[in-house]
Amino acid sequence: MLTRRAFLGGGLALAGTTLLPARGSRAAVADLDFASALDAARAIRTGQVSSVELTARMLDRIAQHNPKLNAIVTLTADAALARAKAADEARAHGEWWGPFHGVPCTVKDTFEVAGVRTTAGSPTLANYVAPRDAAVVTRLKRAGVVILGKTNVPLWASDWQSYNDVFGQSNNPWDLARTPGGSTGGGAAALAAGLTFLEPGSDLGGSIRIPSHFCGIYGHKPTLDVVPLRGHIPPPPGIPASPPSTLPVAGPLARSAADLRAAMEVLGGPDDEDARAYRWSLPPARGAKLSDYRIGYVLDDPRCPVSPEVGDALAAAVEALRKAGAKLEEGWPRGVNVEEQYDAYLFLLYAMFTRTPRDDELDQLRKLAANQDGSYLAKWALAVTGPYRLYQAADRRRRAARAIWQGFFRTHDAFLLPTSFVPAFLHDHTPRFFDRALATPKGPRPYSDLLFWISFATLAGLPATTAPVGLTRSGLPVGVQIVGPYLEDATPIDLAGRLADLLGGFRAPKGF
């Protein structure tokens, strides 16, 4: 009898797991361990491998590698093998379900999957089994994916580390002592380690982009409201997360830019009642070659200085683009007030996504808010206690920011930024969020500074792709953030793919 601990260990919860079927080892299957999802689908379509073989291979790799990562926390092995068998039978009859036919994928444990435990990292949902699929899960299934299981997240998807009291801590495959990021940290780790081919994530405070940067993969934060959030937790199950919204989005993580583009074609478009009234299509990328692109960039700023080991890799990427013929211009776009836009983002983030304070907490919070010493704690206190007029003012600045950025994109095609000022950092479970600090060569920095570089695209609702561009001297991944024009998600994704042609794209961590 195969026990839970012997099979996967590391806090993994099994959903109907059985012994994998005996099969011969095939080099063709092993060759796909770190392939793109589209390459895996092509291998299935051409008969190079079957979906069952590829799914069984992923389950074997999960059994081998997941115990030290704890990236995949709920496994649906029986359902995955049954779905893979159905995919192979459909192919044999000339049926093709979509671009990811038979490809094994995972789902962030904030998206509901019918009949599968979905916890959002919260003990209050430890035994919650979703009655239906989230919108992104429905669309991925229609596109042919085989769902292997769920990946780990922080409590309520609200941290840049992925640990919780339900499943424990996830580790970065590049260095197990470091976090893979959050909140899509389990998914990013699984992709980097070759345990899945595609992952839907969500992003409010960099929850797609920062894990992608930390783990050396690709992640795309779509334009606001392009991908439906129905079935995402939070908010709690049963409460709609539909538009009009302000900051959060759902989007894909993958090992190639082409997978991001294909996933956006699958995931994008209105949901349910909205689909009765309008349709969505992904506009083509603005450039056909790198010399077509007019790119602005900022690689550092006094408000959030970038560590040299990150900055060096980003500078090398910009120089490679320059040598390849892209037109580059350094400096913030005209009209971008860095402090004003960042403060507007922080206010909206804190005001909208913090629990309502209890009456007995208000006096202390108001004292903190009155202090206004420039700290994140004081800004948070003001946002959760301030009058509605302050929220209105922040929302006006949000709308103004989109107009300013769209003015820039009338003359430029993309804007490059760091994704984070540091690479993946050591695990830190200090209970009080505002007490945490991150080490840098120039001394400790506030943990919440991780919000800075991702804030501008989120505030303006713009698409932003994180793409791997190299490693630090200590061997940790670095990803650049490519911001694109509103609703033109294919443009930053295309530029990410062209960067891969110059710099090599995804690389697998040692030992996987």
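Computed from a predicted structure; not experimentally measured.

Some details on the sheet that holds strand E12 (residues 414-418)
Within the open sheet, the eight strands sit side by side as E7-E9-E8-E15-E16-E12-E10-E11. Their pairing is mixed. Taken across any chain shown, the strands that pair with only one partner, and hence form the sheet edges, are strand E7 (199-203) and strand E11 (327-330). Going from strand to strand, the sheet's axes swing by 30 degrees on average, the running direction of each strand aside. Across the sheet, helix H10 (residues 308-323) is in contact with strand E10 (294-297), E11, E12, strand E15 (464-471) and strand E16 (477-483); its angle to E16 comes to roughly 55 degrees.

As for the environment of Ala437
Note that Ala437 resides in strand E13 (residues 437-438). Separated by 176 residues in the primary sequence, Ala437 and Arg261 have C-alpha atoms spaced 36 Å apart. For Ala437, the contacting residues outside a window of four places in its chain are Asp428, Pro444, Arg445 and Tyr447.

Topic: the packing of helix H14 (residues 388-408) against helix H15 (residues 452-460)
Angle between the axes and distance between the axes: these two values describe a pair of packed helices. Contact geometry for H14 and H15: axes closest at 8 Å, N-to-C directions at 95 degrees. With respect to their mutual orientation, H14 and H15 come out roughly perpendicular. Contacts between H14 and H15 involve Arg398, Ala401, Arg402 and Trp405 on the former and, on the latter, Phe456, Leu459 and Ala460. Considered class by class, the residues forming the contact of H14 with H15 number five nonpolar, no polar and two charged.

Let's talk about the pairing of E12
Within E12, five of the five residues are buried, which leaves the element mostly enclosed by the surrounding structure. Residues Ala414, Leu416 and Pro418 line one face of E12 and the alternating positions Phe415 and Leu417 line the opposite face, and both faces are buried. As paired elements, E10 and E12 share three bridges and run parallel to each other. In the sheet register, Gly296 faces E12, and the bridge partner there is Phe415.

A few points about the pattern of salt bridges
In total, this model carries 28 salt bridges according to the counting rule given. Here Asp449 makes a salt bridge to Arg303, at a shortest N to O gap of 3.7 Å. A residue pair is termed long-range when its members are at least 10 positions apart, and Asp449 in the loop between strand E14 (445-446) and H15 and Arg303 in the loop between E10 and H10 qualify at 146 residues. Using a relative accessible area of 3% as the deciding quantity, one classes Asp449 as buried. What you see here is one network of salt bridges that share partners, running through Arg286, Arg294, Asp413 and Glu488.

Thoughts on the environment of Tyr218
Within the secondary structure, Tyr218 is located in strand E8 (residues 218-221). The sequence separation of Tyr218 and Ala188 amounts to 30 residues, and the corresponding C-alpha distance is 8.9 Å.

Remarks on the confidence of the model for the protein chain
The share of residues in the protein chain with pLDDT of 70 or more is 94%, and the mean pLDDT across the chain is 94. Taken together, the stretch residues 1-10 has pLDDT below 50 and engages in 20 contacts with residues farther than four places along the chain or on a different chain. Counted against residues more than four places away or in other chains, residues 16-25, with its pLDDT under 50, gives 16 contacts.

Reading the values: the criteria
Residues numbered from 1 in each chain as written. Predicted model: local features only at pLDDT ≥ 70, side-chain atom pairs only at ≥ 80, totals over all residues. Heavy atoms only, no water. Pairing = 2+ DSSP bridges. Helix = DSSP H or I, 4+ residues; strand = E, 2+ residues; numbered from the N terminus. Axes fitted to C-alpha atoms, helices over the stretch in contact; angles between N-to-C directions. Contact = heavy atoms within 4.5 Å. Parallel < 35°, antiparallel > 145°, perpendicular 65-115°, else oblique. Nonpolar A, V, L, I, M, F, W, Y, C, P; charged D, E, K, R; others polar. Buried < 20%, exposed > 50% of the residue type's maximum accessible area, 1.4 Å probe, protein only. Salt bridge = Lys/Arg side-chain N within 4 Å of Asp/Glu carboxyl O. pLDDT = per-residue confidence, 0-100.

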